[in-house]
Amino acid sequence: MKKLVALVMTLALCLTALCGVASAEATAPRIGISIYQYADNFMTLYREELVRYLTEELGVPAENITIVDGKNDQAEQTNQINNFIADNVDVMILNLVQTSSSASVIQAADAAGIPVVFINREPSAEDMALSDNITYVGAHASQSGTFQGEIVAETENKGDFNGNGTVDYVMIMGDPENVDAQQRTEYSIKALEDAGLKVNKLFEQRGDWDQTKGQELAATALTQFGTDIDVIFCNNDAMALGAAQAIADAGRVVGEDIYLLGVDALDEAVELVNEGKMTGTVLNDHIGQSHTAADVALKIAAGEQIEKYYWVDYVKVTAE
Ligand code: GAL
């Protein structure tokens, strides 16, 4: 008798589980995702966590998700978005190659009645006002810049190794079309000025978020300005990892005669911070951002009310 009861209970449990799966599949939205460039270190962490969370934690069947590489080419990405629209997906999660294309993307999606969750590259406020069926999930870029500047202002010599009374800096920028690059560049320096420090820009060039370019630019700056340089700011960690190599090659020592800052808190960068080979970085929370983007995508697809913006905080990372 006991065995029979156990068997019946097991069967009932299996059926419930099966029904659960079947109903998740029937109701789960079809999601089109385009990432500006798979080769980007930070966006690789982000997209892997996004898909993992959607499938493993939110139960969206893998076959409902189409994720594609924009290859840093807006024309290519526009085709991908048009395919999602033709395919009538329920919602799109888009990391645009160029935010300047957001107006046309919003209009096309709106005409097809497909909601969009923009991630990582914030469209202008003007474009965000074009539709009620869109949202942005990201972090306040200004905050990451401010944190970088504050880390330098909080050092013992307040960012002045050569003792000339100014913070002489090199700025290695991401893609300048991008709000993150613009605001990190602006606010890192603003934080120094707000702390009452004098600043002097020696060098500023775009490294497009790329490690190799970061290394090349830092090497060029180090050759050109040598010990005049107090600080190298990089708009992200990939470029800072490159700069760390250039600093070592130039025989300079972080913390002893130069400071080096990044953003993202990639594992490799956090390791360098712990070893003293980078002064600091700022955690760009890809987990918080990807989870929020996924949660909001499901809400929006279910026709629930959503906010226009969802913000995730940055966190300072230093050896302490
Ligand atoms: C930034 C990130 C960079 C790069 C960029 C791409 O938020 O810090 O490393 O991934 O996004 O848009």
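Scoring rules and cut-offs
- Residues numbered from 1 in each chain as written.
- Predicted model: local features only at pLDDT ≥ 70, side-chain atom pairs only at ≥ 80, totals over all residues.
- Heavy atoms only, no water.
- Near = heavy atom within 4 Å.
- Polar contact = N/O pair within 3.5 Å; in protein donor to acceptor, adjacent residues only side chain to side chain.
- Helix = DSSP H or I, 4+ residues; strand = E, 2+ residues; numbered from the N terminus.
- Nonpolar A, V, L, I, M, F, W, Y, C, P; charged D, E, K, R; others polar.
- Domains from an automatic or database assignment.
- Core = buried A, V, L, I, M, F, W, Y, C linked by side-chain atoms within 4.5 Å.
- Buried < 20%, exposed > 50% of the residue type's maximum accessible area, 1.4 Å probe, protein only.
- Contact = heavy atoms within 4.5 Å.
- Buried area = accessible area lost by both parts, 1.4 Å probe.
- Salt bridge = Lys/Arg side-chain N within 4 Å of Asp/Glu carboxyl O.

## Some thoughts on the site of the ligand
Thought 1: Surrounding the ligand, one finds 13 residues, the nearest of these being Asn120, Arg121, Asp180, Arg184 and Asp264.
Thought 2: Note that an oxygen atom of the ligand is positioned 2.7 Å from one of the side-chain N or O atoms of Arg121.
Thought 3: Here an oxygen atom of the ligand sits 2.6 Å away from a polar atom, N or O, in the side chain of Asp180.
Thought 4: Of all elements in the fold, only α2 (41–57) and α7 (179–194) reach the threshold of two or more residues within the shell around the ligand.
Thought 5: Looking at side-chain class alone, the shell around the ligand contains four nonpolar, four polar and five charged residues.
Thought 6: Residue contributions to the shell around the ligand reach at least three from each of two domains, namely domain 1 (29–139 + 286–314) and domain 2 (141–283).

## Quick notes on the nonpolar core
Thought 1: Of all hydrophobic cores here, the largest spans 68 residues; its most connected members are Val117, Ile119, Ile232, Phe233 and Leu260.
Thought 2: The biggest single contributor to this core is helix α9 (residues 237–249), with seven residues.
Thought 3: The residues that make up this core include at least three from each of domain 1 (29–139 + 286–314) and domain 2 (141–283).
Thought 4: If you look at the next biggest cluster of nonpolar residues, it comprises 16 residues, including Ile81, Val105, Phe118 and Ile134.

## Quick notes on the domain arrangement of the chain
Thought 1: What the domain assignment lists for the chain is domain 1 (29–139 + 286–314) and domain 2 (141–283).
Thought 2: Of the residues lining the interface, 15 residues belong to domain 1; the matching set on domain 2 comes to 18 residues.
Thought 3: When domain 1 packs against domain 2, close to 1300 Å² is buried across both sides, 42% of that on carbon and sulfur atoms.
Thought 4: Looking at the side of domain 1 facing domain 2, the largest losses of area belong to Asn41, Arg121 and Tyr314, adding up to 50% of the total buried there.
Thought 5: Viewed at the interface, domain 2 and domain 1 are joined by zero salt bridges.
Thought 6: Of the residues belonging to the side of domain 1 that touches domain 2, the class tally is six nonpolar, five polar and four charged.

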